[in-house]
Amino acid sequence: MTQQPGQGESRDARDPRDGRGGADRSQIEELLGQVDLLPYGPQGRALLDEALRLVQESGDEETEYRIRMRLISAAQMMGDTDGVLSNFAWCVSRNELDPARFPTEVDEQDLLWFYKWIPSSLATHPTFARADILDALANMQQRYSREGVGQHGVLQARFSEAHRSGHTEEAQRWRDELLSTQRDEYSHCEACVRAEQVDFALDQDRPADALRFFDEIMEQGLTCGEEPESVMATMLLPLLRAGRREDAERAHRMGYRLAKDNVGLMASIALHIEFSAVTGNHARALSLLERHIGTLAHDELNINGHFATLLSVAVAADIIAGAGHGDLEVRGSAEPRLASVLGPHEGPYTVAQLAQAAWSAAAPIAVAFDARNGTDRYARRITEARSHVLESYPLALSEQQIVRHERAAEPVAGDVDGWTDVAVWAAVSGDEPRAEAAVQKALAAQPTPRQRLALWSIRAALLEAEERERAISERVAAYHELGLSAEAAFEREYGSLVAGVIGDEGAAQLTALLSQLETAELRGRVHTELGLHQLAAGEAQEAMTQFLQGAEEADRAGDAETFRRALIGACWAVPLEEEDGALQTRLLDMAEAAGPRANQQYDVAYLRSVEAAALRDDQDLAAQLSLAAADLAVAHRATGPLNQITRFRTELLTGMERHLEAAAAQRVYNQTLRELGQPADVGMMVGEGRSLVRAGEMQDALEVLADAGREMEENEVTTPGQWAVQDRWYGEAAEGCEFYGTAFEAWERAVERGEEAWAEAPELEDAQLAALEACMSARSLVALAQRAEEEDDVRGFGERALFLARELAELEPGLLPVTLQQMGRAYAGVGDEAALELLQEAEDLARAEGADWFAADVLDSRGRSLLDLGRPDAAMPVLLRAADEYASQGDQGNAALGEYSVARVLEAQERGEEALAVFSNALERVREEPGQVRSGVAGAYGDRLEAEGRLAEAEEVRRLIL
């Protein structure tokens, strides 16, 4: 809009602080500038709210008008009905009072456009009478007429209101008029118009028409603020019913990806949850439900949205319960805000309880809306939703299965040892309140003096100052009851020292005391404490000696608890190579025979799994034992041990190429953290995504890695290395889903982060990690650019990959040769002779390191690059030499492929007899190795023989084709 004379000049001439509230206008403009760079979302909304606060302090209504106009858009896109209505009312009142100061269009925001959102916003809550909604439509029509703009948008809004309130005949009349009215600048966008037609057609039981409108949206690439993700969710079940399962899966994958971060689209997200359940993907449905259930109560005014969400949640939960999982706890369902929608409830819901609560909550909403509208549309929607529970369209979306690890059962009231174990597990998990409660229950069960020693030892480790002294005095009393006066005296003097981490000074003090200790029990205890100190300091050999001496003394004294502690400490400290592993095995056998308690059971299971993998080379046994250790840690919610065993299992299972199990292990770890109210470990999230990529589950990987990225954005201490890893694997997943633009952007971010981190601080491990991931990402970008025939990008990203590989050559010795080889092949693919120099350098490095197979592989790459560069005569001898080198390394398959390529070149040069000889040699290399290589060689050789008229030989050769 053109500025009116006199506006702005005097204001701009003022000091930036306008004097009416101290608000800094330059700060406000900076905030608005930041908003312009962001998509609609919480971050931008927070900036607008801050700008509004500042401007209200100043009393600058013109700027406040600009901010509120932006807030209307932001609120609409984020599902904040109250924000839409309140800010619209404020802006309309100012605009009508003084349209020169408060114009209808400002900062690309249009008040007339916002009129279209008001009737639908009012319609979302049954408290607003239908007459109020119709008045809003009349106001819209009058305002549009006054402003001289078209009525197409008004008709669309009237059609929508009539349809959604259940007035079908009225809706049809408005639709007929709408279709005969010319579109104008205030018409709804094409995507929204067709999406509305989809909804209406489905309401009228005309699925074919709904599919036709949906196909138009998708085929024409029509988009809007919430489209096509909204209509994709709407059409999930209709697509299944039409037998279009691939289209349904595509709509689910893409639609959920677009909608999942928009809390304003909770009803659409719920349709994806329902879809997952209806297709038999119960684990996925439950996972999505748990991920999003906390936002069910989002937007308190949008009761219509709550209703739609409740129906989908009820359907999904009923289906999951019907599959035998009704007793499972729904993580996140204890969220207090859910009471405003579901009603009061103690603790989390089970699946079955949630289904019942959702149906129960939906029923009165339907009554209220139908009473408001004077129809039965909402009641019919409940009836229709209940029928969905009986629908089933099997469609495998994920390999994920529902697996729940229940908490370990609590001991009975008088079980002192049982409650002591609970206290130990809780202490290991860092759950001090639970540890203290367990100690109190054990103390209330009349423990023996020896049992009291253990209990007050736990308390002493948890408490500080005066409270710790009381715990020590109780231990002194227990020793006296046992008749152990020397131990009581030691406890009185040194109890505080050994109750916590002893430190170097304390260790020296205890070492000096050893020769003065009178009893074996005391010596066993002190040796064990010293062993723990030295193990923590990384002095494993010294720690092992202390533990073994401690175990010997404790055994002599009959101190079973210290004996177990010392034995297991020795198991942790003993070098695996000691006596070729025999000592580790003997110690573990002794530890098991001693009856390990509480977390000691985990220690033994973990160390047995390490023994199986490292000493016995029995990976399957290691996987089995490590799972038992993980189950123990999960059952007791011991996050420290669970982190340890999860990392071990991830590495083990990855090496065994059991990637789905590796992903599941990392998923369980984060599920446990969330259940305990702790933030997820983003490293584990990225690891889960990486494992899913390796398993070929690209869609699931993309979702997990996207969630990891969102968590990382909220974590201010995320490092460049962590970001680069996430970007790289997110790119891998996106490429696997054929989202090539997304892959390109992710890999490019990884490259930029890695280059920047390396330039700033190459000595830091995190910078080295970032640079490594950047190099790998640059290589992926080269491959992507090569497929797209983008020669400049091949060279540009190739140079960046090579630079990083050279920089990291000493830290990552194998990186440079492989990068040289890959870039050489890529350069040759775009006709760049520099490829040959790169490949020669790679070959020289390989031969210098004695990497004979890799040297053969690079030589083979050189031959193929010569073919790409149009030099077949130079290529053939190189390929033949590479074939011989492959064969010398026992790789007959690649040797045959190299000769196969030479034979093909000879055929192209019409040198058939020579080609036959090479084909024959290639076939001999793999004659006894059935598979694709032999079949390919035999097929081509047979064709050549046939072309030469040697039909009988051709037939004989072709018998080798599988």
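Since the model is a prediction, treat every value here as computed from it, not as a measurement. (Residues numbered from 1 in each chain as written. Predicted model: local features only at pLDDT ≥ 70, side-chain atom pairs only at ≥ 80, totals over all residues. Heavy atoms only, no water.)

S.K.: What should I look at first to understand the overall build of the chain in this one?
M.R.: Tallying secondary structure elements over the chain gives 49 helices and two strands in all. Along the three orthogonal principal directions, the C-alpha set of the chain runs to about 100 × 95 × 70 Å. Buried residues in the chain amount to 53% of all 962 residues. Restricting to contacts in the chain with at least 6 residues of sequence separation, those with at least 24 account for 61%. Distance between charge centres in the chain, computed from 92 positive and 170 negative side chains, equals 4 Å. (Helix = DSSP H or I, 4+ residues; strand = E, 2+ residues; numbered from the N terminus. Buried < 20%, exposed > 50% of the residue type's maximum accessible area, 1.4 Å probe, protein only. Contact = heavy atoms within 4.5 Å. Lys, Arg positive; Asp, Glu negative; His and termini not counted. Charge placed at Lys NZ, Arg CZ, Asp CG, Glu CD.)

S.K.: Is there a simple way to think about a negative patch on the surface in this case?
M.R.: A contiguous patch of negative charge on the surface is contributed by Asp431, Glu432, Glu464, Glu466, Glu467 and Glu469. Of the residues forming the negative patch, the biggest block, three residues, is contributed by helix α25 (residues 465–481). Note on placement: Glu464 falls in the loop between α24 (449–462) and α25. (Patch = residues over 30% accessible without salt bridge, like charges linked within 9 Å, V, L, I, M, F, W, Y side chains within 5 Å. Areas by Shrake-Rupley, 256 points an atom, 1.4 Å probe, with all protein chains shown as cover. Salt bridge = Lys/Arg side-chain N within 4 Å of Asp/Glu carboxyl O.)

S.K.: Can you help me understand the side chain of His252 in this one?
M.R.: With respect to the helices and strands, His252 occurs in helix α15 (residues 245–259). Apart from residues lying up to four places away in sequence, His252 is in contact with Leu236, His272, Phe275, Ser276, Arg284, Leu288 and Leu397.

S.K.: What is the right way to read the nonpolar core from this model?
M.R.: Most often, soluble globular proteins keep nonpolar side chains buried together rather than apart. Grouped together as the largest cluster of nonpolar side chains are 70 residues, with contacts concentrated most on Met235, Leu240, Leu289, Phe307, Leu310, Leu342 and Leu354. With sequence-adjacent residues up to four places away left out, Met235 is seen in contact with Val198, Leu202, Ala210, Leu211 and Phe214. The next biggest cluster of nonpolar side chains, apart from the first, holds 66 residues, and it includes Ala771, Ala805, Ala828 and Phe854. (Core = buried A, V, L, I, M, F, W, Y, C linked by side-chain atoms within 4.5 Å.)

S.K.: So what exactly am I meant to see when it comes to helix α48 (residues 932–947) here?
M.R.: Turn by turn, an α-helix covers 3.6 residues, leaving residues three or four places apart pointing in a common direction. Helix length check: α48, at 16 residues, gives a terminal C-alpha distance of 23 Å against a target of 22 Å (1.5 Å per residue), a fit within 8%. Among all positions in α48, only Arg934, Ser935, Val937, Ala938, Gly939, Ala940, Tyr941, Gly942, Arg944 and Leu945 are buried. At its buried positions, α48 is contacted by α46 (892–908), α47 (912–926) and α49 (951–958). Positioned one or two residues after α48, Gly949 has a phi angle of 85 degrees, which is positive. (Expected span 1.5 Å × (residues − 1).)

S.K.: Whenever I open this one, the packing of aromatic side chains confuses me. Can you help?
M.R.: Geometry of an aromatic ring pair is reported as the spacing of the ring centres plus the angle between the planes. Counting across every chain of the model gives 16 aromatic pairs. Between Phe369 and Tyr378 the ring centres are 4.5 Å apart and the planes differ by 10 degrees, which places this aromatic pair in the stacked class. For the pair formed by Phe369 and Tyr378, the shared burial category is buried. Centre to centre, the rings of Trp853 and Tyr886 are 6.0 Å apart; their planes meet at 50 degrees, and the pair counts as tilted. Taken together, the positions of Trp853 in helix α44 (residues 852–868) and Tyr886 in helix α45 (residues 872–888) put the pair 33 residues apart, joining distant regions of the chain. The class of Trp853 is partly exposed, set by a relative accessible area of 36%. Ring pairing ties together the aromatic residues Trp572, Tyr602, Tyr606 and Phe648, which thus form one cluster. Cation over ring: Arg386 sits above Trp359, and NZ or CZ is 4.0 Å from the ring centre. (Phe/Tyr/Trp six-rings, centres within 6.5 Å; stacked < 30°, edge-to-face > 60°. Lys NZ or Arg CZ within 6 Å of the ring centre and 35° of its normal.)

S.K.: Can you help me understand empty space enclosed by the protein in this one?
M.R.: Remark: the empty space left among the atoms is shown by a probe the size of a water molecule rolled over them. Throughout the structure, instances matching the rule amount to one cavity of 30 Å³ or more. Reported here for the largest cavity is a volume of approximately 40 Å³. Lining the largest cavity we find Arg331, His405, Val634, Arg637, Val668, Gln671, Thr672 and Glu675. With four residues, the single largest contributor to the lining of the largest cavity is helix α35 (residues 659–675). Its residues assigned to classes, the lining of the largest cavity comprises two nonpolar, three polar and three charged. (1 Å grid on protein atoms, 1.4 Å probe; cavity = no way out; pocket = protein on both sides within 12 Å on 5 of 7 lines; lining within 4 Å. Points joined across faces, edges and corners; volume = space filled by probe spheres on them. Nonpolar A, V, L, I, M, F, W, Y, C, P; charged D, E, K, R; others polar.)

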